[in-house]
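Tertiary structure, described
Each chain, written out:
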Amino acid sequence: MRSGLHKIGVVSLALCLLSGGAQVTVTAQQTTRAAQPASPPRPGAGQLEQHEQYDESAWSDKYTGGHVERAELVANDPHIEITVDVPAFRLTLWQDGHEVQTYQIGVGQKDYPIIIGMREAREVIWNPAWIAPDSDWVAGHKGVKPGDVIKASDPRNPIGKLKIPLGGGYLIHQAHGVGDLGHLVSHGCVRMLRADLLDLAAKINTAYGQPVSTEQIALALASKRTLVAALTTPLPVDINYDTFVVAGGALHLYPDVYDHGTNTVARLRTELATSGIAVRALDEGTLTEMLARVQPHTEYVVSLASLAAGRALDEGEVRPLVGAASKRPPRKQRPRRAVRAG
């Protein structure tokens, strides 16, 4: 996939903070990370002058070589990472450069956008409490004031059954329902359906050698008692805002959901050129029309072959960002490794 994630996050408004309360904390066993496959490096710390590169999707052919291998999760191998593609409303769990699982998500509202950059997860929390942030957003929660500690058992708690803190008050937590997916709905957090979130947490727990047991998780799911799985090796979370992605031999144009001004003809030409795609045959009118076909809840997809043949408008396709059946090929399996004791 790529040699590593090295984004710099810009600290924004804190939210959804963890409160005190009874907790069960178990530390993950230290394990040795396997070496990642060689690939072009992503920008490193101190390279903020290359801001455009910080917003590139991990799905880009620049890093994958045009192919992403999918594989089942391997237990006791904590060499995992999460990427969040904001305009695509997509969260992906990777292990050793392979896609393990991709989920549909909701993200922060325009007034409370999700942070773009590199974050870290150090724990997974079942039945989390919530401290209402010092924000006018709290006004939408009846009977709650900034600073109030809302326990997991309180119906006013909007966090749901589980959360994964990302630092600075940012979280991955439970969505209110399917209607959250593909929308700007939160106070800067990533929202996932409960089943997806529990699946993600279970996979993280398995990769880290089960810092909490399946019995402890089952008890937490059947109760309101807080359970914390501490991850001694930080889990990288790469949050990007890439609206032009050349992936798998096709150009994907995503909506500029935060109105950052990313979807311009000039930037599209630059993206195509830096991806090694000849742009001489693409006139201004064609590029403008391609961008016009991108709507708030859809992407425009066209194969590189169609671009090269001058049929970008005739053979391109408008696709919904969420709710559509996947058109990807069947999962390619890899042999499972022996599970290490402990």
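Residues numbered from 1 in each chain as written. Predicted model: local features only at pLDDT ≥ 70, side-chain atom pairs only at ≥ 80, totals over all residues. Heavy atoms only, no water.

1. Some points on the overall build of the protein
Note the following rule: Here a helix means four or more residues in a row that DSSP labels H or I, a strand means two or more in a row labelled E, and each is numbered from the N terminus. Burial classes: relative accessible area under 20% of the type maximum marks a residue as buried, over 50% as exposed, and values in between as partly exposed (1.4 Å probe, protein chains only). For this analysis, residues touch if any pair of their heavy atoms sits within 4.5 Å. Only the protein chains shown count as cover for residues, with accessible areas throughout obtained via the Shrake-Rupley method and a probe of 1.4 Å.
Summing up its helical and strand segments, the protein has 8 helices and 17 strands in all. Out of the 342 residues belonging to the protein, those deemed buried represent 51%. Summarising the internal contacts of the protein: among those between residues at least 6 apart in sequence, 69% fall at separations of at least 24. Accessible area of the protein: about 15000 Å², with a carbon and sulfur share of 55%.

2. With respect to the packing of aromatic side chains
The way to describe two aromatic rings as a pair is by their centre distance and the angle between their planes. This is how it is decided: Ring pairs shown here join Phe, Tyr and Trp side chains whose ring centres sit within 6.5 Å, with only the six-membered ring taken for Trp; geometry is labelled stacked below 30 degrees between planes, edge-to-face above 60, and tilted in between.
Applying the stated criterion to the full structure yields 2 aromatic pairs. Between Trp59 and Trp94 the ring centres are 5.1 Å apart and the planes differ by 55°, which places this aromatic pair in the tilted class. Placement of Trp59 in the loop between helix H1 (51-54) and helix H2 (61-64) and of Trp94 in strand S3 (residues 90-95) is noted, with a sequence separation of 35 residues between them. For the pair Trp59 and Trp94, one class covers both residues: buried. Between Tyr241 and Tyr258, the ring centres sit 5.8 Å apart and the planes meet at 10°, which makes this aromatic pair stacked. Here Tyr241, found in the loop between strand S13 (226-240) and strand S14 (244-247), pairs with Tyr258, found in the loop between strand S15 (250-253) and helix H5 (265-274); they are 17 residues apart in sequence, far enough to count as distant. Neither residue differs from the other here; Tyr241 and Tyr258 are each classed as buried.

3. What about the confidence of the model for the protein?
Convention followed: Per-residue confidence from the predictor is reported as pLDDT, a score between 0 and 100.
Of the residues in the protein, 76% have a pLDDT of 70 or more, and the chain-wide mean is 80. Looking across the protein, the model is least confident in strand S1 (residues 23-27), with a mean pLDDT of 41, and most confident in helix H3 (residues 194-207), with 98. Of the regions scoring below 50 in pLDDT, residues 1-51 engages in 162 contacts with residues more than four places distant in sequence or in other chains. Confidence over residues 325-342 falls short of pLDDT 50; this stretch has 43 contacts with residues more than four positions distant or in other chains.

4. Overview of the sheet that holds strand S16 (residues 298-303)
The line we're drawing: Note on pairing: two strands pair once DSSP finds at least 2 bridges between them. All axes here are fitted lines through C-alpha atoms, helices being fitted over the stretch that makes contact, and every angle between N-to-C directions spans 0 to 180 degrees.
One open sheet holds the 4 strands; their spatial order is S14-S15-S16-S17, and the pairing between them is antiparallel. Two strands in the sheet have a free side with no partner beyond their single neighbour: S14 and strand S17 (317-320). Sheet twist, expressed as the mean angle between neighbouring strand axes with direction ignored, is 25°. Across 4 bridges, the pairing between S14 and S15 is antiparallel. For Ala247, the partnering residue across the bridge sits in S15 and is Ala250.

5. Looking at the environment of Met118
Structurally, Met118 can be placed in strand S6 (residues 117-126). For Met118 and Leu166, which are 48 residues apart along the polypeptide, the C-alpha to C-alpha distance reads 9.4 Å.

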